[in-house]
Amino acid sequence: MQNQNTPSGVGGKNVLLLGGAGFIGYNITKYLAENRNYTLTIADNFARGKQDDYFKELVEKHNIKVVAGDFTDPATFNQLDEAYDQVYMLASVVGVDNANSIPHEIIRINTALIFNTLEWIRRSKVGKVLFTSTSECYAGTIEAFGYTTPTPEEVPLCIQDIGHPRFTYAVTKMLGESGFLNYARILGFEATIVRYHNVYGPRMGFKHVIPHLVVRYRKNEDPFKVYGHDQTRAFCYIDDAVMGTVLAMEQPGTNGEIFHIGTQDEISIGDLIHYAGELMNYKGTFENAPTYPGSVSRRCPDITKARTQLGFEPKVMWKEGLKITVDWYNEYLESGKLVYE
Ligand SMILES: NC(=O)c1ccc[n+]([C@@H]2O[C@H](COP(=O)([O-])OP(=O)(O)OC[C@H]3O[C@@H](n4cnc5c(N)ncnc54)[C@H](O)[C@@H]3O)[C@@H](O)[C@H]2O)c1
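Cut-offs used in this document
- Residues numbered from 1 in each chain as written.
- Predicted model: local features only at pLDDT ≥ 70, side-chain atom pairs only at ≥ 80, totals over all residues.
- Heavy atoms only, no water.
- Helix = DSSP H or I, 4+ residues; strand = E, 2+ residues; numbered from the N terminus.
- Rg over C-alpha atoms; globule rule 2.2 N^0.38 Å.
- Buried < 20%, exposed > 50% of the residue type's maximum accessible area, 1.4 Å probe, protein only.
- Contact = heavy atoms within 4.5 Å.
- Lys, Arg positive; Asp, Glu negative; His and termini not counted.
- Charge placed at Lys NZ, Arg CZ, Asp CG, Glu CD.
- Core = buried A, V, L, I, M, F, W, Y, C linked by side-chain atoms within 4.5 Å.
- Phe/Tyr/Trp six-rings, centres within 6.5 Å; stacked < 30°, edge-to-face > 60°.
- Near = heavy atom within 4 Å.
- Polar contact = N/O pair within 3.5 Å; in protein donor to acceptor, adjacent residues only side chain to side chain.
- Areas by Shrake-Rupley, 256 points an atom, 1.4 Å probe, with all protein chains shown as cover.
- Nonpolar A, V, L, I, M, F, W, Y, C, P; charged D, E, K, R; others polar.
- Axes fitted to C-alpha atoms, helices over the stretch in contact; angles between N-to-C directions.
- Parallel < 35°, antiparallel > 145°, perpendicular 65-115°, else oblique.
- Left-handed = near helix turned anticlockwise from the far one by under 90°.
- Pairing = 2+ DSSP bridges.
- 1 Å grid on protein atoms, 1.4 Å probe; cavity = no way out; pocket = protein on both sides within 12 Å on 5 of 7 lines; lining within 4 Å.
- Points joined across faces, edges and corners; volume = space filled by probe spheres on them.
- Salt bridge = Lys/Arg side-chain N within 4 Å of Asp/Glu carboxyl O.

Asks: Is there a simple way to think about the overall build of the chain in this case?
Replies: Each helix and strand counted, the chain has 11 helices and 13 strands in total. Compactness check: the chain gives a C-alpha radius of gyration of 19 Å against a globular reference of 20 Å for 341 residues, within 12% of the reference. Projected onto its principal axes, the C-alpha coordinates of the chain cover approximately 60 × 45 × 45 Å. Looking at the chain residue by residue over its 341 residues, the buried ones come to 56%. Once local pairs closer than 6 in sequence are excluded, the contacts in the chain between residues at least 24 apart make up 83%. The distance from the centre of the 33 positive side-chain charges to the centre of the 40 negative ones in the chain is 2 Å.

Given below as structure tokens:
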């Protein structure tokens, strides 16, 4: 019987994190560095994941190898070793703002980095790959067909409006899911998919709802517009997302499987915004407002499969995680050492 909620990895593995300087990748690397005796390599172009003080300290303290390069260029992969036991594939251009403003770049970059990674694996020795996907892949199924929420992994994936820029990101993630599962089957490596659901925490950049809120509260916006107030989401604190991811990589029986990683702690955006306001000691007024077009009205993963097959159990309740995150962003913004947009 595996230790519940703690992956059972043994020492000595060679592990690569593509996009490992980013929000989730940095935290997976930190967890592995502190809890495993692995040889770790982070590869990234540092477009979004930055070589900030946190990154430098982690890399130096644990002797982590760093490879700088753009995965849209196949030559970047020549800098890597020939064999890895585990590869975490986290690299992607993310964010609704990017999808809406540079959809052609989302298509170009995300398809190229998925394709180049798959073709590099073809000529290398890789034991297992974990590809990071998103709940956005099934958002259209919920909206168009009223599919059940909380939503399990077998939900059919669907794009509601194929020409809408917002959905370019989900299109490339669907390609990734299909690409990794099918290359793995044919070429003989193992592959597992995780679909993240609203992961948040310190050092996540500023292109997410919670850092946006902190910035807006600090400007003392009044009235404070509560965009999408009645929409619901289940927010997953980064430590829980890391645990789910490492379990999906390391637990036996996960090859070829997809896991929804998140929490079932579903709250309204209004709840989130009002509590963030309390934490920020906001005394102004609130005004409800509509949200981005294409934004799903309800989102919550069914994590029964991750619970039963991985022993995954999220531990951080949203109010606790939100406080840690809001405090971190306030401190960061006051530090003057601003690295993130
Ligand atoms: N954070 C979430 O809530 C969430 C939700 C769903 C899916 N995901 C997925 O999880 C993964 C990690 O997300 P994150 O929040 O850490 O994002 P992130 O933007 O912080 O990390 C992605 C990393 O990929 C790197 N990268 C991008 N393009 C690259 C390129 N061409 N070459 C090399 N490196 C490149 C970036 O510099 C960055 O460090 C992504 O694939 C994302 O799509 C995240």
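Asks: When you look at the nonpolar core in this model, what are you seeing that I'm missing?
Replies: A general feature of soluble globular proteins is that nonpolar side chains tend to end up buried together. Of all hydrophobic cores here, the largest spans 65 residues; its most connected members are I28, L32, Y88 and Y196. Take this core: its biggest share by element is eight residues, from helix α8 (residues 238-250). Look past the residues within four positions of L32 in its chain and what remains in contact with it is V15, Y38, L40, Y88, V246 and E250.

Asks: Explain the packing of aromatic side chains to me, please; I cannot follow it from the model alone.
Replies: How two aromatic rings sit relative to each other is set out by the distance from centre to centre and by the angle between their planes. Under the defined criterion, the tally for this structure stands at 18 aromatic pairs. Arranged with centres 6.1 Å apart and planes meeting at 65 degrees, the rings of F224 and F286 form a pair that is edge-to-face. Here the residue F224 occupies a position in strand β8 (residues 224-227), and F286 occupies one in strand β13 (residues 286-289), the gap between them amounting to 62 residues. Of the residues examined, F224 reaches a relative accessible area of 0% and is grouped as buried. Exposure remark for F286: the relative accessible area of 32% places this residue in the partly exposed category. With a centroid separation of 4.8 Å and an interplanar angle of 75 degrees, the aromatic rings of W328 and Y329 are classed as edge-to-face.

Asks: What's the story with the site of the ligand in this structure? I'm lost.
Replies: In the vicinity of the ligand, 30 residues are found, and the nearest of them are I24, D44, R48, Y169 and K173. Within the contact set of the ligand, an oxygen atom lies 2.5 Å away from a side-chain nitrogen or oxygen of Y169. K173 is positioned such that a nitrogen or oxygen atom in its side chain is 2.7 Å from an oxygen atom of the ligand. Summarising the interface, the protein chains cover 95% of the accessible area of the ligand, which totals 820 Å² for the free molecule. By residue number, the principal contributor to the shell around the ligand is strand β5 (residues 125-134), which donates three residues. Each residue belonging to the shell around the ligand can be placed in one class, and the counts come to 14 nonpolar, 12 polar and four charged.

Asks: Help me out: how do you make sense of the packing of helix α9 (residues 269-279) against helix α11 (residues 318-335) in this one?
Replies: Helix packing geometry: the angle between the two helix axes and the distance between the axes. The interhelical angle for the contact between α9 and α11, taken along N-to-C directions, is 50 degrees, at an axis separation of 10 Å. For the element pair α9 / α11, the angle class is oblique. When the axes of α9 and α11 are compared, the crossing they make is right-handed. Where α9 abuts α11, its residues D271, L272, Y275, A276 and L279 lie against W318, K319, L322, K323 and V326. Tallied by class, residues from the contact of α9 with α11 come to seven nonpolar, no polar and three charged.

Asks: Before we go on, may I ask you to explain the sheet that holds strand β1 (residues 14-18) in this structure?
Replies: Within a sheet, each strand pairs with its neighbour through backbone hydrogen bonds, oriented either parallel or antiparallel. Spatially, β3-β2-β1-β4-β5-β6-β11 is the arrangement adopted by the seven strands of the open sheet, whose pairing is parallel. Of all strands in the sheet, those with a lone pairing partner are β3 (65-68) and β11 (258-261), marking the two edges. Sheet twist, expressed as the average angle between the axes of neighbouring strands with direction ignored, equals 20 degrees. Pairing analysis gives seven bridges linking β5 to strand β6 (residues 190-196), with the strands arranged parallel. Each residue of the ladder has a partner; that of F131, found in β6, is I193.

Asks: Before we go on, may I ask you to explain the layout of surface pockets in this structure?
Replies: Quantified by volume, the second largest pocket comes out at close to 280 Å³. At the level of secondary structure, the elements contributing two or more residues to the lining of the second largest pocket comprise α1 (23-35) and α8. When its residues are assigned to classes, the lining of the second largest pocket shows nine nonpolar, two polar and four charged.

Asks: Help me out: how do you make sense of the pattern of salt bridges in this one?
Replies: A side chain of one charge can pair with a side chain of the opposite charge if their charged atoms are brought near each other. All told, the structure shown has 15 salt bridges when counted by the stated rule. Ionic pairing is found between R203 and D52, a salt bridge with its closest N-O pair at 2.9 Å. A residue pair is termed long-range when its members are at least 10 positions apart, and R203 in the loop between β7 (199-200) and α7 (209-218) and D52 in the loop between β2 (39-44) and α2 (53-61) qualify at 151 residues. Taking relative accessible area as the criterion, D52 reaches 6% and is therefore assigned buried.

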